[in-house]
Amino acid sequence: MCGIIGYKGGKKSSAILLEGIKNLEYRGYDSVGIATIYDGKIELKKDVGRVDEVNKKLNFLELNGFIGIGHTRWSTHGKPSKENAHPHISNDYSIAVVHNGIIENYNELRKELENEGFKFKSETDTEVIPLLIEKYNKKNDFEKAVIKALRRLEGSFAVIIINKDIDKLIAARRFSPLMLGVGKDEFFIASDSTAFIKHTNDIVFMEDDEMVIIDDGFKIVNITDNKIIDKKIEHNRINYYSAEKGNYRHFMLKEIHEQPRVVENTINYFIKNNSLLHNYKNFNRILIVACGTSYYAGLIGKFLIESIVRIPVEVDYSSEFRYKDPIINNTDLVIAISQSGETADTIAAAKEAKNKKAKLIAICNVFGSSLTRMADTTLYTQAGTEIGVASTKAFTSQLAVLYLFSLHLAKINKLMNEKEINKKIKLMKKLPLQMKKILSNNKIKEISEKNFLSNNSVFLGRGVNYPVALEGALKLKEISYIHAEGSPAAELKHGHIALIEKDMPVVVIAVKDKTYYKIKSNIEEIKSRGGKIISIVNEEDEEIENISDEVIEVPETDLLLYPFLTVIPMQLIAYYTGLCRNCDIDKPRNLAKSVTVE
Ligand code: M6R
């Protein structure tokens, strides 16, 4: 889950690499490093900390040269330390490597290399790579040595390699993302195009076991059979959203506030391009696979599809799906939901579905990401780049796609006529304004600061709002480090209620649906045990207001559309509570935006 970048061209490489690793920092942020080639030598700076912090201390721009590699780390093997930070260097100081992934047989390789006299400086799995290349680089054929070394690796890798004696960048991948940016007389290679999209929109997506050799041009070979591969350059069609916070203090807040626009864009995009939905007609069953927040969007998708289309839907955590030998066949439709399209578990689940001949739709936010490249169709969410590690606008745009997809299935299965569909779309089009109204509620900040003082909390909802409660709990945990349980409201008395103690905040989604009176009773049960009730209610609902400590109002909408509105108070509560506790909002501890290891 690290970010890697390489550059070769006519500009000062350290400047490009520094900018690139800043844009990749969401992938990991415990240490950073850059290595360049200058005057026949490798120049290297690396240390523990965030990019800006380390740059202030080391000044990466002092590194010279027109070719180099950079890395931002999320540690898997070895604690965050200067020694464990990338790039890693060969013993003879000729080769430097950055790596994203996990080398599963590194122990065995390390022992072999140590027995041959090689010295290790770090505890990482990565260090075996430069040393293996050094071992094989005896015959003046560096490309061959790299291929030989890569063939010895088990596990996942995206690597970029430089050699002080050769004016080339070499990079390869297996199960970790890597893409080549082709500029005018310059080349970029990175985990994600956000690292270089400011410089070029022309991209070559690398596939597993492909290695690229970049000099004045580029050549791609397959590392398993040495065959040269002719690949096409694709033009990125997704807008580049600047990684600027604008007037907002954090990306998370900016992205929360972007949701009305993002939902509107997604609705308009799919109405304009509705042929995108056309391939999919008769399925016996739909399976949804996803992780984290995308999984909760999937749970809501189940409600939407089952209510609107009456096709059974199963939702699985991607990480569980793959290992349970899922029962699927070519009559099933699998929908993989992922903001990044690089989540290793979701990619593995999607592969499993494809192997079993199911049709695969990806709902994804990143153009050309690994998931989109294996899907039969991708429904792109129109959220723009999401930088905050906590997913917010990606979630609501995923909901918009799922809702529109459900309406499409209802239409082609003749469950709704044009008029009914238009009525639903009309209600959907009201959402952006309704979202704006909730976003302008200054009381949410005050409620968060006043009530979230305990180390535990509970989030409750029912029906389509139950996954929203789960998402509310996840957001609070991620951003404020307060323990939070999400639960269906009625399940409370089967166990979770034992947690309730005086002044413990309990957030309850209590909009006017068919379980309204049941939830009202659940609120009474919590209140009588001392919990602090923060209810999310419809406007002017005095009944719930009278039994709650606080209420946050949301406008009335179609029952299935409530998650678009009820999730906003959840996101804001997490944000303001985290802020109050001085947490690192955009880069919470131990997390990374893209979980590219299983
Ligand atoms: O990129 P993906 O949607 O596949 O990511 C899935 C999860 O890792 C992600 O939603 C994670 O749970 C976020 N930190 C939630 O805020």
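Residues numbered from 1 in each chain as written. Predicted model: local features only at pLDDT ≥ 70, side-chain atom pairs only at ≥ 80, totals over all residues. Heavy atoms only, no water.

(A) Representation of the overall build of the chain in the model. Counting secondary structure elements, the chain contains 18 helices and 25 strands. The C-alpha atoms of the chain give 25 Å as radius of gyration, which agrees with the globular expectation for 598 residues (25 Å, within 12%). The principal-axis extents of the C-alpha atoms in the chain amount to approximately 80 × 50 × 40 Å. The proportion of buried residues among the 598 residues of the chain is 62%. Pairs at least 24 apart in sequence give 70% of the contacts found in the chain among residues at least 6 apart. On the chain, roughly 23900 Å² of surface is accessible, and the fraction owed to carbon and sulfur atoms is 47%. (Helix = DSSP H or I, 4+ residues; strand = E, 2+ residues; numbered from the N terminus. Rg over C-alpha atoms; globule rule 2.2 N^0.38 Å. Buried < 20%, exposed > 50% of the residue type's maximum accessible area, 1.4 Å probe, protein only. Contact = heavy atoms within 4.5 Å. Areas by Shrake-Rupley, 256 points an atom, 1.4 Å probe, with all protein chains shown as cover.)

(B) Geometry of the packing of helix 14 (residues 443–451) against helix 18 (residues 562–580). The N-to-C vectors of helix 14 and helix 18 enclose an angle of 55°; their axes lie 8 Å apart at closest approach. Judged by the inter-axis angle, helix 14 sits oblique to helix 18. Helix 18 is crossed by helix 14, and the crossing has right-handed handedness. Between helix 14, through I444, K445, S448 and E449, and helix 18, the contact on the second element is made entirely by P569, L572, I573, Y576, T577 and C580. Grouping the constituent residues of the contact of helix 14 with helix 18 by class yields 6 nonpolar, 2 polar and 2 charged. (Axes fitted to C-alpha atoms, helices over the stretch in contact; angles between N-to-C directions. Parallel < 35°, antiparallel > 145°, perpendicular 65-115°, else oblique. Left-handed = near helix turned anticlockwise from the far one by under 90°. Nonpolar A, V, L, I, M, F, W, Y, C, P; charged D, E, K, R; others polar.)

(C) Structural context of the packing of helix 8 (residues 292–309) against helix 15 (residues 466–480). Look at helix 8 against helix 15: their axes get within 9 Å of each other, and the N-to-C directions meet at 170°. Taken together, helix 8 and helix 15 sit at an angle that is classed as roughly antiparallel. Residues G292, T293, Y296, L299 and I300 of helix 8 touch helix 15, and the partners they reach there are P467, V468, L470, E471, L474 and K475. Residue composition of the contact of helix 8 with helix 15, grouped by class: 7 nonpolar, 2 polar and 2 charged.

(D) Seen up close, the nonpolar core. Counting 84 residues, the largest nonpolar core has I286, I335, M428 and F459 as its most contacted members. Take this core: its biggest share by element is 12 residues, from helix 18. The residue makeup of this core includes at least three contributed by each of domain 2 (244–429) and domain 3 (439–584). Dropping the residues within four chain positions of it, I335 is found in contact with I286, L287, I288, V289, I305, I361, I363 and F405. By size, the runner-up hydrophobic cluster in this structure holds 30 residues, among which are I103, L113, L132 and I133. (Core = buried A, V, L, I, M, F, W, Y, C linked by side-chain atoms within 4.5 Å. Domains from an automatic or database assignment.)

(E) Quick peek at the packing of aromatic side chains. Scanning the model with the defined rule gives 10 aromatic pairs in all. Relative to F270, the ring of Y269 has its centre 5.1 Å away and its plane inclined at 85°; by these criteria the two rings are edge-to-face. Here F270 falls in the buried class, since its relative accessible area comes to 2%. Where F367 meets Y380, the ring centres are 6.2 Å apart and the plane angle is 40°; that geometry is what we call tilted. Of this pair, F367 sits in the loop between strand 19 (359–364) and helix 11 (370–374) while Y380 is found in strand 20 (residues 377–380), placing the two residues 13 residues apart along the sequence. (Phe/Tyr/Trp six-rings, centres within 6.5 Å; stacked < 30°, edge-to-face > 60°.)

(F) Up close: the pairing of strand 20. The side-chain alternation of strand 20 yields two buried faces, one formed by T377 and L379 and the other by T378 and Y380. Where strand 19 lies against strand 20, 4 bridges are found, and the strand directions are parallel. From the neighbouring strand, I361 faces strand 20, where its bridge partner is T377. (Pairing = 2+ DSSP bridges.)

(G) Region of interest: the environment of L58. With respect to the helices and strands, the residue L58 is situated in helix 2 (residues 51–58). Along the primary structure L58 and K45 are separated by 13 residues, whereas in three dimensions their C-alpha atoms are 6.9 Å apart. The residues contacting L58, other than those within four sequence positions of it, are K45, K46 and D47.

(H) Inspection of empty space enclosed by the protein at higher detail. Applying the stated criterion across every chain yields a total of 6 cavities of 30 Å³ or more. Considering only enclosed or pocket space, the second largest cavity measures out at about 70 Å³ in volume. Contributing to the lining of the second largest cavity are C2, R73, W74, S75, T76, H77, H86, H99, G101, T124, D125 and T126. For the lining of the second largest cavity, the residue count by class is 2 nonpolar, 8 polar and 2 charged. (1 Å grid on protein atoms, 1.4 Å probe; cavity = no way out; pocket = protein on both sides within 12 Å on 5 of 7 lines; lining within 4 Å. Points joined across faces, edges and corners; volume = space filled by probe spheres on them.)

(I) Just the sheet that holds strand 21 (residues 456–461), in detail. Read across the sheet, 5 strands follow the order 22-21-23-24-25 without closing on themselves; strand pairing throughout is parallel. At either margin of the open sheet sits one strand with a lone partner, and together these are strand 22 (483–488) and strand 25 (550–554). Averaged over all pairs of adjacent strands, the angle between their axes in this sheet comes to 20°, without regard to strand direction. As paired elements, strand 23 (residues 505–509) and strand 24 (residues 532–538) share 5 bridges and run parallel to each other. Residue pairing for strand 24: V508 is matched across the bridge by S535.

(J) Inspection of the state of the cysteines at higher detail. Throughout the structure, instances matching the rule amount to 0 disulfides. You can see C583 has no disulfide; the closest cysteine sulfur is in C580, sitting 9.5 Å from it. C583 gets classed as buried once you look at its relative accessible area, which sits at 14%. (Disulfide = S-S within 2.5 Å.)

(K) Quick peek at a negative patch on the surface. Taken together, the side chains of E540, E542, E545 and E553 define an acidic patch exposed on the protein surface. Along the chain, E545 falls in helix 17 (residues 542–547). For E545, a relative accessible area of 39% puts it in the partly exposed group. (Patch = residues over 30% accessible without salt bridge, like charges linked within 9 Å, V, L, I, M, F, W, Y side chains within 5 Å. Salt bridge = Lys/Arg side-chain N within 4 Å of Asp/Glu carboxyl O. Lys, Arg positive; Asp, Glu negative; His and termini not counted. Charge placed at Lys NZ, Arg CZ, Asp CG, Glu CD.)

(L) Local environment of the sheet that holds strand 17 (residues 313–317). Spatial strand order, 17-16-18-19-20: 5 strands in an open sheet with parallel pairing. Looking along the sheet, the strands with just one partner apiece sit at the ends: strand 17 and strand 20. With strand direction ignored, the average angle separating the axes of adjacent strands in the sheet is 20°. In terms of strand pairing, strand 16 (residues 285–290) meets strand 17 through 5 bridges, oriented parallel. Bridge assignment links V289 to a residue of strand 17, and that residue is D316. Seen against the sheet, helix 8 touches strand 16, strand 17 and strand 18 (332–338) and runs at an angle of roughly 175° to strand 17.

(M) Molecular detail of the pattern of salt bridges. This model, assessed by the stated rule, comprises 41 salt bridges. Its salt-bridge partner being D325, residue K356 comes within 2.7 Å of it at the nearest N-O pair. In this pair, K356 is assigned in the loop between helix 10 (344–355) and strand 19 and D325 in the loop between helix 9 (318–321) and strand 18, connecting sequence segments 31 residues apart. With a relative accessible area of 54%, D325 lands in the exposed category. Taken together, the salt bridges that share partners define one network made up of E112, E116, K135 and R152.

So yeah, pure geometry; function would need other evidence.
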